[in-house]
Amino acid sequence: MNRIYLDNAATTALDKDVLDAMLPYMTTHYGNPSSIYSYGRETRMAVESARKMVAKLLNVQPGEIFFTSGGTESNNTAIISSIRDLGCKHIISSCIEHHAVLHTIEHYSCDDSITHSYVKLLPDGHIDLNDLEKQLAAQSDKCLVSLMHANNEIGNLLSMKAVSDLCRKYGAIFHSDCVQTVGHYPIDLKRIDIDFISASGHKFHGPKGVGILYVNSNLQIKPLIYGGSQERNMRAGTENVYGIVGFAKALEHANLHYEAESSYIKSLKDYMISQLQEKIADVSFNGDCNGSSLYTVLNASFPKTEKSEMLLFNLDINGICVSGGSACSSGASQGSHVISAINKNENRVAVRFSFSKYNTKEEIDAVIEKLKEII
Ligand code: PLP
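Not measured: the values here are computed from a predicted model.

Let us look at the site of the ligand. Near the ligand, the surroundings consist of 13 residues, among which G71, T72, D177, S200 and K203 are the closest. H202 places a side-chain nitrogen or oxygen 3.0 Å from an oxygen atom of the ligand. For the ligand, the protein covers 86% of the area, taking 400 Å² as the surface of the free molecule. Element by element, the count of residues in the shell around the ligand is highest for helix α3 (residues 71–84), at three residues.

Right, let's talk about the nonpolar core for a bit. Core analysis: the largest hydrophobic core is formed by 82 residues, its most contacted members being V145, L276, F302 and F353. At seven residues, the largest contribution of residues to this core is made by helix α8 (residues 241–256). Once residues lying within four places of it in the same chain are set aside, the contact partners of V145 are I92, L132, L136, V163, C167, A172, I173, F174 and H175. In terms of nonpolar packing, the next biggest core, distinct from the first, is built from 18 residues, F66, L86, C88 and F196 among them.

Quick look at helix α5 (residues 129–138) now. Buried within α5 we find D131, L132, Q135 and L136. The arc that holds the buried residues of α5, viewed along the axis, is 135°, so those residues lie on one side. Opposite the buried face of α5, at more than 90 degrees from it, the exposed residues are N130, K134 and A138. Between the side-chain oxygen of the N-cap and the backbone nitrogen of N130 there are 3.0 Å, and the N-cap of α5 in question is D128.

Take the environment of N75 next. Here N75 is to be found in helix α3. Sequence spacing of N75 and H99 is 24 residues, and the spatial spacing of their C-alpha atoms is 9.8 Å. Non-local contacts of N75, meaning those with residues more than four positions away in its chain, are made with A100, V101, H175, D177 and S198. A polar side-chain atom of N75 sits 3.0 Å from a polar atom in the side chain of D177.

The subject of this paragraph is helix α9 (residues 258–279). With 22 residues, α9 should reach 32 Å at 1.5 Å per residue; the first-to-last C-alpha distance of 31 Å fits that figure. S262, I265, L268, K269, Y271, M272, I273, Q275 and L276 are the residues of α9 that are buried.

Once that is clear, we can look at the layout of surface pockets. If a probe as big as a water molecule is rolled over the atoms, it shows which places are left empty. Space inside the second largest pocket adds up to approximately 220 Å³. In terms of lining, the second largest pocket is formed by H149, L158, S159, M160, K161, Y185, P186, I187, D188, R191 and I192. Of the residues assigned to the lining of the second largest pocket, the class counts are six nonpolar, two polar and three charged.

Note on sheets: strands pair through backbone hydrogen bonds, and any given pair is parallel or antiparallel. Read across the sheet, seven strands follow the order β2-β8-β7-β6-β5-β3-β4 without closing on themselves; strand pairing throughout is mixed. Of all strands in the sheet, those bounded by a partner on one side alone are β2 (65–68) and β4 (115–118). Strand-to-strand, the axes of this sheet are offset by a mean angle of 20°, without reference to chain direction. Of the strand pairs in this sheet, strand β3 (residues 90–93) and β4 are connected by four bridges, and their pairing is parallel. For S93, the partnering residue across the bridge sits in β4 and is Y118. The sheet strands contacting helix α2 (residues 38–58) are β2 and β8 (211–215), and the helix crosses β2 at an angle near 120°. Sheet contacts for helix α6 (residues 160–169): β5 (143–146) and β6 (173–177); angle to β6, the most-contacted strand, approximately 160°.

Let us look at the pairing of β8. Buried residues dominate β8, accounting for five of its five residues. Residue alternation in β8 divides its side chains into two sets, G211, L213 and V215 and I212 and Y214, and both sets are buried. Pairing of β2 with β8 involves four bridges; the strand directions are antiparallel. Counted as the bridge partner of T68 is G211 from β8. Pairing of strand β7 (residues 196–200) with β8, which is carried by five bridges, proceeds in the antiparallel orientation. Across the sheet, the residue bridging to F196 is V215, located in β8.

In contact at an axis separation of 10 Å, α9 and helix α12 (residues 361–374) are set at 25° when each is read in the N-to-C sense. Taken together, the axis directions place α9 and α12 in an arrangement best described as roughly parallel. As for the relative orientation of α9 and α12, their crossing is right-handed in sense. Contact with α9, carried on its side by Y264, L268, Y271, M272, Q275, L276 and K279, involves K361, I364, D365, V367, I368, L371 and K372 of α12 and no other residues of that element.

Even without glycine at this site, N59 takes up a positive phi of about 60°. In this structure, H205 takes a positive phi of about 70° despite not being glycine.

Right, let's talk about the side chain of Q275 for a bit. With respect to the helices and strands, Q275 occurs in helix α9. Filtering out sequence-adjacent residues up to four positions away, Q275 remains in contact with I280, D365 and I368.

This part covers empty space enclosed by the protein. A full pass over the atoms with the stated rule returns three cavities of 30 Å³ or more. A volume near 210 Å³ is recorded for the largest cavity. Lining the largest cavity we find 25 residues, and of these G183, H184, H205, E261 and Y295 sit closest to its centre. Broken down by secondary-structure element, the contributors of at least two residues to the lining of the largest cavity are α8 and α9. Here the lining of the largest cavity is built from residues that sort into ten nonpolar, eleven polar and four charged. The computed volume of the second largest cavity comes to approximately 120 Å³. For the second largest cavity, the lining is made up of 14 residues, of which F66, T77, L213, M234 and R235 are closest to its centre. Residue composition of the lining of the second largest cavity, grouped by class: eight nonpolar, three polar and three charged.

Rules of the game
Residues numbered from 1 in each chain as written. Predicted model: local features only at pLDDT ≥ 70, side-chain atom pairs only at ≥ 80, totals over all residues. Heavy atoms only, no water. Near = heavy atom within 4 Å. Polar contact = N/O pair within 3.5 Å; in protein donor to acceptor, adjacent residues only side chain to side chain. Areas by Shrake-Rupley, 256 points an atom, 1.4 Å probe, with all protein chains shown as cover. Helix = DSSP H or I, 4+ residues; strand = E, 2+ residues; numbered from the N terminus. Core = buried A, V, L, I, M, F, W, Y, C linked by side-chain atoms within 4.5 Å. Buried < 20%, exposed > 50% of the residue type's maximum accessible area, 1.4 Å probe, protein only. Contact = heavy atoms within 4.5 Å. Arc of directions from axis to C-beta. Expected span 1.5 Å × (residues − 1). 1 Å grid on protein atoms, 1.4 Å probe; cavity = no way out; pocket = protein on both sides within 12 Å on 5 of 7 lines; lining within 4 Å. Points joined across faces, edges and corners; volume = space filled by probe spheres on them. Nonpolar A, V, L, I, M, F, W, Y, C, P; charged D, E, K, R; others polar. Pairing = 2+ DSSP bridges. Axes fitted to C-alpha atoms, helices over the stretch in contact; angles between N-to-C directions. Parallel < 35°, antiparallel > 145°, perpendicular 65-115°, else oblique. Left-handed = near helix turned anticlockwise from the far one by under 90°.

Right, here's the structure in full:
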């Protein structure tokens, strides 16, 4: 059976040119970047060239880029550093963040010394910026604002600039989980005054287990992992050299081909919307799918029936890989905290379709045909 993969917000296929760039660092160039002889010098050079490339693409200084093990570690680091090193006593976030943010905030605000609150959401799932301003104005303690650039389940995009302006007005630290946008949009951090952003390689055809944390050079933070002097004493441990090389290559590729790839993927999303509306009764969409939204994500809502309750499972046995939300594995929906936050209707079933450059219109036609049978 030919499988159809429409879960690219969960992870993406590694690009061939990314693999080619990584392979020498898995084979012949295996030196430890901390070694001073030639083997070490060549891998040190690879890590630092990758850092320069990433910094150039995000328009920041190389010293502001720290390589991590991915989005989860970067989110944890930004939040922990804000509390521990930057004096933040109150965290403002939203209840539709990824668990890598939500669970970290919940963990660190379990005693009275650190508190947290969530901003209100508008009916379409966007952040209510008036409420954010009200909350910032009411706080006497220093705040961390952690709001994701794009929601991984419904695709809504945040105006980082608008949030950054509010954070600067009220003296708050601003972190944004950009895991679904770095590698999908050109991001110029010179135009947004921000303290931390997180990104992850496997969301844009790079390798798994590698990400970055951008840390604004105005901040003084302590190391998160102690040990050797890697990452300028900030994150000890021998570098994931081939992962770092792959991350930079994938980001370079994404930026080079942004226009063509994003418009192709957007055409797939638009086609899926029109086909669903034409061929599936009573379909609706979660989030602001035709407005300020990722071109890669479409969250569809179907009426709950005996058949549609088993939708993810039935799609899976037909070789169609989609998800019900980030915490769900196909076939075993545990419900999504994002969908329940924006739409409490128990009589609907949500399915996230997420697209990449490797998907085709024919695949969408095949999925629609299957949906007609199994809904
Ligand atoms: N943040 C968002 C918005 C995500 O979609 C993900 C991945 O699912 C993460 C964080 C976690 O990233 P990683 O898998 O690199 O730890």
